[in-house]
Amino acid sequence: MFPFPPVVRSFLFSLFERAWLRAALCFCLCAAVCASCSVDRHMEKKAGELMARMDAVPDWRQPRKEISWHQALAMMMERNIDLKKSEQSLKTTKRSVVNVFTQIIPGVNLDWMLTKELSDLARVTASDVEYNTNILFNMPSLTQIPFDYYSAKAAVYTAEKTLEMKKRELVARLYQQVLSYRNAQISYNNQLSSLPYDDDGVQKKKLDLERERNLNEISQGFAVLLGNMDARWLVNPETMPRLDCGR
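Everything numeric here is computed off the predicted structure, so don't read it as measured data. (Residues numbered from 1 in each chain as written. Predicted model: local features only at pLDDT ≥ 70, side-chain atom pairs only at ≥ 80, totals over all residues. Heavy atoms only, no water.)

**Concerning the overall build of the protein**
Inference 1: What the protein contains, in helices and strands, is 5 helices and 4 strands.
Inference 2: Mapped in sequence order, the helices and strands of the protein form the string α-β-α-α-β-β-α-α-β.
Inference 3: Considering the protein as a whole, with its 247 residues, one finds that 18% of them fall into the buried category.
Inference 4: In the protein, 74% of the contacts between residues at least 6 apart in sequence involve partners at least 24 apart. (Helix = DSSP H or I, 4+ residues; strand = E, 2+ residues; numbered from the N terminus. Buried < 20%, exposed > 50% of the residue type's maximum accessible area, 1.4 Å probe, protein only. Contact = heavy atoms within 4.5 Å.)

**Quick word on the packing of aromatic side chains**
Inference 1: Tallied over the full model, the rule gives 2 aromatic pairs.
Inference 2: With 6.0 Å between their ring centres and 80 degrees between their planes, W69 and Y175 make a pair best called edge-to-face. One end of the pair, W69, is in helix α2 (residues 69–79); the other, Y175, is in helix α4 (residues 144–193), and 106 residues separate them in sequence.
Inference 3: Seen from their ring centres, Y149 and Y150 are 5.4 Å apart, and the 70 degrees between their planes marks the pair as edge-to-face.
Inference 4: The ring of Y188 has R211 sitting right over it, with the charged end atom 4.6 Å from the ring centre. (Phe/Tyr/Trp six-rings, centres within 6.5 Å; stacked < 30°, edge-to-face > 60°. Lys NZ or Arg CZ within 6 Å of the ring centre and 35° of its normal.)

**Focus: helix α3 (residues 81–102)**
Inference 1: Over its 22 residues, α3 extends 31 Å from the first C-alpha to the last, a length consistent with the 32 Å expected when each residue adds 1.5 Å.
Inference 2: Listed in full, the buried residues belonging to α3 are L83, S86, L90, T93, V97 and V100. Projected onto a plane normal to the axis of α3, the buried residues spread over an arc of 95 degrees and lie on a single side. Residues of α3 that are exposed and point over 90 degrees away from its buried face: I81 and K85. (Expected span 1.5 Å × (residues − 1). Arc of directions from axis to C-beta.)

**Looking at the environment of G227**
Inference 1: Examined against the element boundaries, G227 turns out to sit in the loop between α5 (202–226) and β4 (233–235).
Inference 2: On a C-alpha basis, the gap between G227 and K84 in space is 10.0 Å, while along the polypeptide they are 143 residues apart.

**Points about the nonpolar core**
Inference 1: In this structure, I67, W69, L174, F222, L226, W233 and V235 are the most contacted members of the largest nonpolar core, which totals 30 residues.
Inference 2: Those elements giving two or more residues to this core turn out to be α2, α3, α4, α5 and β4.
Inference 3: Top contributing element to this core by residue count: α4, with 10 residues.
Inference 4: Not counting chain neighbours up to four residues away, the residues in contact with W69 comprise V171, L174, Y175, V178, V235, T239, M240 and P241. (Core = buried A, V, L, I, M, F, W, Y, C linked by side-chain atoms within 4.5 Å.)

**Describing α5**
Inference 1: For α5, with 25 residues, the first-to-last C-alpha span of 36 Å sits near the 36 Å given by 1.5 Å per residue.
Inference 2: Inspection of α5 places L207, L215, I218, S219, F222, A223, L225 and L226 among the buried residues, and these make up the whole buried set.
Inference 3: Backbone geometry just downstream of α5 places G227 in the positive-phi region, at approximately 70 degrees.

**Quick look at the packing of α2 against α4**
Helix-helix packing: each pair is described by the crossing angle between the helix axes and the interaxial distance.
Inference 1: At their nearest, the axes of α2 and α4 sit 11 Å apart, and the two run at 140 degrees to each other. With respect to α4, the element α2 is oriented oblique. Taken as a pair, α2 and α4 cross one another with a handedness that is right-handed. Residues W69, A72, L73, M76 and M77 of α2 form the contact with α4, whose own contacting residues are K167, L170, V171, L174, Y175 and V178. (Axes fitted to C-alpha atoms, helices over the stretch in contact; angles between N-to-C directions. Parallel < 35°, antiparallel > 145°, perpendicular 65-115°, else oblique. Left-handed = near helix turned anticlockwise from the far one by under 90°.)

**Overview of the confidence of the model for the protein**
Inference 1: In the predicted model, the protein carries a mean pLDDT of 77, and the fraction of residues at 70 or more is 59%.
Inference 2: Of all helices and strands in the protein, the one with the weakest mean pLDDT is helix α1 (residues 6–56) (60), whereas α2 scores best (95). (pLDDT = per-residue confidence, 0-100.)

**With respect to the pattern of salt bridges**
Inference 1: Tallied over the full model, the rule gives 11 salt bridges.
Inference 2: Among the salt bridges present, the one from E164 reaches K161, with a minimum N-O distance of 3.6 Å. Taken together, the residues E164 and K161, both in helix α4 and 3 residues apart, mark about one turn of the helix.
Inference 3: Assessed through its relative accessible area of 32%, E164 is described here as partly exposed.
Inference 4: When its relative accessible area of 39% is taken as the criterion, K161 is described as partly exposed.
Inference 5: K204 serves as the salt-bridge partner of D208, at 3.0 Å between the closest nitrogen and oxygen. You can see D208 and its partner K204 sitting in helix α5, 4 residues apart, about one turn around the helix.
Inference 6: We classify D208 as partly exposed; its relative accessible area is 29%.
Inference 7: Where salt bridges share partners, they join R64, E212 and R232 into one cluster. (Salt bridge = Lys/Arg side-chain N within 4 Å of Asp/Glu carboxyl O.)

Below, the structure written as structure tokens:
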């Protein structure tokens, strides 16, 4: 092999350098176009998710929806976020009790290996496959199993009591929220009846605006408790259970 003269080597190097620069430029342009398309698709996806979230937010310009105490209680027990977390915690602790015993069950892994040549793959038979079975045993200490079991059962008991207390807390909060709604109604009626007879509508307009703000806050409180943002909820105070202090 004969070496190239310096002029020829310089010419070939120049050609190679130009070709490499063209290839690098084309790669950069393709990468930029792909990145731009990826960014556009990502932004379009996020915009769609944002619009879906905005559609899920209740329109506070719509009329409010008043429901009964029993309807509100059933909705709260089904959809309240804090209650769902407590229920999920209870499920997790119950699974941990089962895991105390399932961890003793051996694990089985089945592997296979093909011994046929690549050129003869078209004529593979069952005799050309070797199987290997691995059984893994996990045997904890006999003194550790009762400790793990009673620890898991104690966690379940704690989660059950936490769930029970959470339900009572939510019922009390719902009761207080209904009382706030009733007190707001009573306060509005009292202030409305105390307006001067010569009022030209200015005082009543201020009173109505204040009442609207109070009802918006109360509706938001109900929505959080019920775990439902589909409407501006209010609970009818007349359907609220009566407390018998004589018992």
